[in-house]
Amino acid sequence: MTSSAAYGIAPDVGRVDADELTYVARLPEGPALVLADSAAVIWAEASEGGSLEQVVERVADAFRLAPAAIEQDVAAFVEQLVALGLLVHTDD
């Protein structure tokens, strides 16, 4: 993986963490997306910023997996979050 794209939270997104769930939504219109388990971890790591490679590395570390084993799934989910307007590409 050799992408230079970096990610960050879109400016109109709100986040609430409660009871092992993460709720994210574009404000004020929503709707809220409820994230749990690996989806919540991917969101948390992608929302911290950095390149896709960095996000994959951090998620792999969280689950003690090889980055190559999860790279495609993480990339696909991150792009879904971008398509929903929850994450944006940044200049990092």
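Attention in this report is confined to the structure presented alongside it. (Residues numbered from 1 in each chain as written. Predicted model: local features only at pLDDT ≥ 70, side-chain atom pairs only at ≥ 80, totals over all residues. Heavy atoms only, no water.)

### So, the nonpolar core
Heads up, the rule is: Within this scheme, the nonpolar core is defined by two criteria: the residues are buried Ala, Val, Leu, Ile, Met, Phe, Trp, Tyr or Cys, and they are joined through side-chain atoms within 4.5 Å. Buried residues are those whose accessible area, probed at 1.4 Å on protein chains only, stays under 20% of the maximum for their type, while exposed residues exceed 50% and partly exposed ones sit between those limits. Helix and strand definitions follow DSSP, with helices as H or I runs of at least four residues and strands as E runs of at least two, each counted in order from the N terminus.
Judged by nonpolar contacts, the single largest core of 24 residues is most densely connected at Leu35, Trp43, Leu52, Val74, Val78 and Leu87. Those elements that provide at least two residues to this core are helix 1 (37–47), helix 2 (52–63) and helix 3 (67–83). With seven residues, helix 3 is the single largest residue contributor to this core.

### Regarding the pattern of salt bridges
Selection rule: One side-chain nitrogen of Lys or Arg within 4 Å of one carboxyl oxygen of Asp or Glu is enough to make a salt bridge.
In total, this model carries three salt bridges according to the counting rule given. In this structure, Asp12 and Arg26 form a salt bridge, with 3.1 Å as the shortest nitrogen-oxygen distance. Of the two residues, Asp12 is situated in the loop between strand 1 (6–9) and strand 2 (13–18) and Arg26 in strand 3 (residues 21–26); the sequence distance between them amounts to 14 residues. Judged by its relative accessible area of 30%, Arg26 is partly exposed. As a salt-bridge pair, Asp17 and Arg15 come within 3.1 Å of each other at their nearest N and O atoms.

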